[in-house]
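Here is how the chains run, residue by residue.
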Amino acid sequence: MSDITKLTLIETIEALEKKEFSEEELNKAYFERITKLNPKLNAYLEIEKNSCGIPAAIKDVISTKGIKTTAGSKILSNYIPQYNATVIDKLSEQNISIIGKTNCDEFAMGGSGENSAYGPTKNPWDLNKITGGSSSGSAAAVAADLCVFSLGSDTGGSIRQPASLCGVVGLKPTYGRVSRYGLFHMASSFDSIGPITKSVEDAALVLDWISGADGHDSNCFLKASPRRAARGRLAKIGVPKEYFAEGLDPKVKIVIEQAIKKLEELGAEIIEISLPHSQYALAAYYIIVPSEVSSNMGRFDGIRFGSERGDFGPEVQRRIMLGTYALSAGYYDEYYVKAAKVRTLIKQDFEKAFTECDVIVGPVSPTTAWNLGEKIDDPLKMYLSDICTISANLAGIPGLSVPCGFSDGLPVGLQILGKQWDEETILDVGEAYEQATDWKKEKPKI
Amino acid sequence: MNYEPVIGLEVHVELNTKSKMFCRCSADYFGKEPNTHTCPVCLGLPGALPYINKAAIEACMKIGLALNCSINEVSRFERKNYFYPDLAKGYQISQYRWPLCINGYLILDNGQKIRINRVHQEEDTGKLTHRDSETLIDFNRSGVPLVEIVTEPDFRDVQSVRDYAKKLQQLFRYLGVSNADMERGDMRLEANVSVRLVGQEELPNYRVELKNINSFRFMAVAIEYEIKRQIGAIKAGEKLSQETRGWNADKKCTYLQRSKEEANDYRYFPEPDLPEMKVDRLQATVDSIKAKMPELPWEKKERFQKEFKLSISQTAILTESKELADFFEDTVKHGQGHDVNGVQVANHIINKKINIKEVLPTQVIEELRGKKVGIIEDERELEKLAKQAMEENQKSVEDYKSGKVVALQAIIGGVMKLSSGKADTSKLKSILERLLTYA
Ligand SMILES: [Zn+2]
């Protein structure tokens, strides 16, 4: 079968059950494709040759026992973890094998994939463009059919944004739905592990597999509950006017508006809503996140992991300095405490909005993938590209990115945000949209 | 002009829980092969997360409640960020703004009430060993639960500090939360010392932190030294400032460790890896701790005085450890109906320096009654009994000969059985020792 690697996860499982091909053939097909295409894309940092299991790609900030895990950092260039993250153990119970560790912005800090110490990942739709980040390799690998699905992590949009820019499905679960045990800490109160897949249904399945309490992550206390069948009823959809403000590329805006129209045609009720504190989200985010980062990076003290702290890339250094400053005596109340209050207000914005609607839709990214190097010297511009995604992390709610069209040949993703713990409804909406459109059939030509 | 000291005390106590504070590693690290009680969590490996040990939280609340604290409405863990090679994560999980227990007190023997500011939970660090030019790190201690008890600056003399520290040690042992052994580092003391003019109401605008004190005695001399040093400095017109000093036991003086300018900014902030703890969710635990709270040493002392009409010094000795107090009460119970009262038992235990590990309460009563009715003192009779007991306890005889001195107790016990507890213990002991040596 020549199209093995085009199949979704669910199609792959079915084909294996029907013995249309063997696990060995499946692994071989993916391995060959990686060997051929990875040099162009730089999606993988480490490739494993397996003969069984369903091959998944794992972002290199997730601890894999015995497999080098660098977090895209020079600091950990030789680090081989002695333990598996909970999600890895959970996947292996489902006959999933790790085909490789994917490139990412260093310690997941970045929105373009360019902050990796091992070079940027290239966008399969246009090798001169960035993939988005920080789960750059995980998104590119799925988009280019270099794995059946992948895991990424999302602290401010790091699953949804590269999924959007690479034309695949990305799900950031509710904070606490999936155990973070083994996910290299970036900003502990924001980080979520989630799937990047070829279909919404796949994302729902992987979420089922990886979610649930494990006795290691105190903030992950709910038991896993399998997804119920889609309800077939379309939700009441809120469209926040703040997400369509200045800065949104007009061509992207048109694509998003068409997608919303499609949802309306499918029977959804569309209402305009407001998330009034959105304008403060970025400021709050870039105080709390660096604060947590500055503390989380303390363990890389140049003693036990070998490398000097000078080996951190500029973005990591920048966040360590910002965070150290924000937490310092005399500044803590003015920065950290105030930002934490804004965070509460943003949470309340969503709580209020969700009394009026079931899900919130809008763009994932204000633009499509930009040129490599375009924003790398302008951190503020880079931060602004997270504007539509970070609020979900501040509030801890789930968000989905679903392919919804193209602008100048580059993919655009529709973001669907849901209530805390309500991945069900956003997956329902996403699946209804996906089934009514043909976007998922589009593949990059590489 | 007269000066008085103003002293506050910070006591760290290591809990004897089975596992560490935030992981499942054994917390029993003392004397173990280095780096054998470790896991990703206590090694601070990337991605590892803390998971709260409920037994430790309960022990912390036990201490807090025994010290009359209330459980904080909302408490949380926080990160204390600093660099030190024995600190695996680059921060210690501790409590700062939201301690678990607050606003307690402890009443000293002299009646003074020492206010307790907080009783909070934290974790221990690893341990460094310097060998020649190398420094070795052992992470077995990393993450072992610690409780910190902080007083208000209520002490005005060294004797009170000593009394307080001893009382805490006794409390920890009564509650069974720690061995509180100073030498092993189970219990560590830090004193904040400053001086002011007698009659001055407000607190001095500086304080000197005394660290690394590993015995009650050193603490007393270090504080005394520091008080003299500070008064001397003030009289000489010096301005004292915030600093940390250590105690040099050889030179018998304190020395500057860190000045105000060098003080760490710990950048405390809420530990994002752990949820906050709310008192309403802890209420069931609080209730059950209160219900199961053992009689505290000072309560026992008061009851012994009332119930058995003992003197203050007698009760002080008898309640020193829970084991001795229990032994005393058991003995009194056995004495009932034998015409033996509490005062007699107390006198006997104290005066004869009864070793409670070697003697049974019934034996004490027998001894006491023996004063009245036939204790066997005849050496030949005792020797006969001793030989018989040795024959019946061959194993103990062998053990004794192979160096296990404690085996003697089993043989003494045998003689007691044969003689219905009437053998004179001290005579019997020397007879047995002689027989065993030449047997
Ligand atoms: Zn451990």
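Not measured: the values here are computed from a predicted model.

Criteria and cut-off values
Residues numbered from 1 in each chain as written. Chains lettered and ligands numbered in written order. Predicted model: local features only at pLDDT ≥ 70, side-chain atom pairs only at ≥ 80, totals over all residues. Heavy atoms only, no water. Axes fitted to C-alpha atoms, helices over the stretch in contact; angles between N-to-C directions. Helix = DSSP H or I, 4+ residues; strand = E, 2+ residues; numbered from the N terminus. Parallel < 35°, antiparallel > 145°, perpendicular 65-115°, else oblique. Left-handed = near helix turned anticlockwise from the far one by under 90°. Contact = heavy atoms within 4.5 Å. Nonpolar A, V, L, I, M, F, W, Y, C, P; charged D, E, K, R; others polar. Buried < 20%, exposed > 50% of the residue type's maximum accessible area, 1.4 Å probe, protein only. Buried area = accessible area lost by both parts, 1.4 Å probe. Salt bridge = Lys/Arg side-chain N within 4 Å of Asp/Glu carboxyl O. Polar contact = N/O pair within 3.5 Å; in protein donor to acceptor, adjacent residues only side chain to side chain. Expected span 1.5 Å × (residues − 1). Donors = N, O, S within 2.8 Å, 3.2 Å for Na, K, Ca; no water. Pairing = 2+ DSSP bridges. Phe/Tyr/Trp six-rings, centres within 6.5 Å; stacked < 30°, edge-to-face > 60°. Lys NZ or Arg CZ within 6 Å of the ring centre and 35° of its normal. Core = buried A, V, L, I, M, F, W, Y, C linked by side-chain atoms within 4.5 Å.

K.L.:
Got a minute to help me understand the packing of helix α10 (residues 379–392) of chain B against helix α12 (residues 407–418) of chain B in this structure?
P.N.:
Helix-helix packing: each pair is described by the crossing angle between the helix axes and the interaxial distance. All names here are of chain B. Two elements in contact, α10 and α12, have axes separated by 9 Å at closest approach and are oriented at 120 degrees. Judged on the interaxial angle alone, α12 and α10 are oblique. Our pair here, α10 against α12, has a crossing hand that is right-handed. Contacts from L385, A386, Q388, A389, M390 and E392 of α10 reach α12 at I411, G414, V415 and L418. Of the residues assigned to the contact of α10 with α12, the class counts are seven nonpolar, two polar and one charged.

K.L.:
Honestly, unusual backbone geometry in this entry has me stumped. Any pointers?
P.N.:
Only a minority of non-glycine residues have a phi that is not negative, and only a minority of peptide bonds are not trans. The omega torsion across G133(A) and S134(A) is 10 degrees, close enough to zero to call that bond cis. Following the sequence through the fold, S134(A) ends up in the loop between β3 (96–102) and α4 (136–143). Here the phi dihedral of A71(A) falls at roughly 60 degrees; this positive angle occurs in a residue that is not glycine. Mapping A71(A) onto the fold places it in the loop between β2 (54–59) and α3 (86–92). Overall, the relative accessible area of 0% leaves A71(A) in the buried class. Unusually for a residue other than glycine, K252(B) sits at a positive phi of about 55 degrees. With respect to the element layout, K252(B) can be found in the loop between β13 (243–248) and β14 (253–259).

K.L.:
Looking at this model, I keep getting lost on the interface of chain A and chain B. Mind explaining?
P.N.:
Accessible area lost upon the coming together of the parts serves often as the stated size of an interface. Contacts between the two partners involve 36 residues from chain A, matched on the other side by 33 residues from chain B. Together chain A and chain B conceal approximately 2,800 Å² of surface at their shared face, both sides included; 55% is due to carbon and sulfur atoms. Across the chain A-chain B interface, the total number found is one salt bridge. Here D273(B) makes a salt bridge to R180(A), at a shortest N to O gap of 2.9 Å. Joining chain A to chain B, the criterion identifies 21 residue pairs in polar contact (both at pLDDT 80 or more). Of all the secondary-structure elements, those providing two or more residues to the side of chain A that touches chain B are α8 (278–296) and α9 (314–327) of chain A. Residue classes in the side of chain A that touches chain B are distributed as 14 nonpolar, 16 polar and six charged.

K.L.:
Sorry if this is basic, but what is going on with helix α2 (residues 158–175) of chain B here?
P.N.:
For the α-helix, the turn length of 3.6 residues means that residues three or four positions removed from each other point alike. Residue and element names in this part refer to chain B. For α2, which comprises 18 residues, the first-to-last C-alpha distance of 26 Å matches the rise-based estimate of 26 Å (1.5 Å per residue) to within 8%. Taking burial as the measure, the 18 residues of α2 include 14 buried ones, the bulk of the element. Sitting at the head of α2, D157 places a side-chain oxygen 3.2 Å from the backbone nitrogen of Q159.

K.L.:
In this structure, what is going on with the coordination of the zinc ion? I would like to understand it.
P.N.:
When a metal carries six donors in an octahedron, the ideal angles between them are 90 or 180 degrees, while four donors in a tetrahedron ideally lie at 109.5 degrees. All names here are of chain B. The coordination sphere of the zinc ion, as far as protein atoms go, consists of C23 (SG), C25 (SG), C39 (SG) and C42 (SG), spread over 2.3 to 2.4 Å. Going along the chain, you hit the donors of the zinc ion in the pattern C-x1-C-x13-C-x2-C. The same class applies to C39 as to C42, namely buried.

K.L.:
Honestly, the sheet that holds strand β4 (residues 78–81) of chain B in this entry has me stumped. Any pointers?
P.N.:
Adjacent strands of a sheet pair through backbone hydrogen bonds, lying either parallel or antiparallel. Taken together, three strands build an open sheet; the order of strands is β5-β4-β15 (chain B) and the sheet is antiparallel. Edge positions in the open sheet fall to β5 (91–94) and β15 (269–270) of chain B, since each of these has one partner strand only. Judged from the two bridges that link them, β4(B) and β15(B) form a sheet pairing that is antiparallel. When the sheet's bridge partners are listed, R79(B) is paired in β15(B) with F269(B). Here α8(A) sits on the sheet in contact with β4, β5 and β15 of chain B, set at roughly 60 degrees to β4(B).

K.L.:
Would you mind showing me how to read the packing of aromatic side chains here?
P.N.:
Centre-to-centre distance and the angle between the planes together describe a pair of aromatic rings. The full count for this structure, using the stated rule, is 30 aromatic pairs over all chains. Centroid distance Y83(A) to Y181(A): 5.3 Å. Interplanar angle 55 degrees. Geometry classified as tilted. With Y83(A) in the loop between β2 and α3 and Y181(A) in the loop between β5 (169–172) and β6 (192–197), the pair connects residues that are 98 residues apart, well separated along the chain. One aromatic cluster is present, built from ring pairs that chain together Y79(A), F107(A), F184(A), F300(A), F305(A) and F312(A). Between K375(A) and the ring centre of W370(A), over which it is positioned, the NZ or CZ distance is 3.7 Å. Between K113(B) and the ring centre of Y105(B), over which it is positioned, the NZ or CZ distance is 4.3 Å.

K.L.:
Is there a simple way to explain the nonpolar core in this structure?
P.N.:
Soluble globular proteins tend to bury their nonpolar side chains together. Residues I63(B), I149(B) and Y164(B) are the most contacted members of the largest nonpolar core, which totals 213 residues. Here this core takes nine residues from α8(A), the largest share from any one element. With residues near it in sequence (within four places) discarded, Y164(B) still touches L9(B), V11(B), L106(B), L108(B), I114(B), I116(B), I149(B), T151(B) and F155(B). Of all hydrophobic cores here, the second largest spans 20 residues; its members include M390(B), I411(B), L428(B) and L432(B).

K.L.:
Explain the pattern of salt bridges here, please?
P.N.:
Where charged atoms of side chains with opposite charge meet at close range, the side chains can pair. Going through the model one piece at a time under the given rule, you end up with 47 salt bridges over all chains. Beyond isolated ion pairs, a larger network of salt bridges with shared partners links E295(B), K300(B), R303(B), E307(B), K322(B), D326(B) and E329(B).

K.L.:
Looking at this model, I keep getting lost on α4(A). Mind explaining?
P.N.:
All names here are of chain A. The element α4 is extensively covered by neighbouring structure, given that eight of its eight residues are classed as buried. S136, G137, S138, A139, A140, A141, V142 and A143 are the residues of α4 that are buried. Two residues or fewer past α4, D145 is found with a positive phi of approximately 55 degrees.

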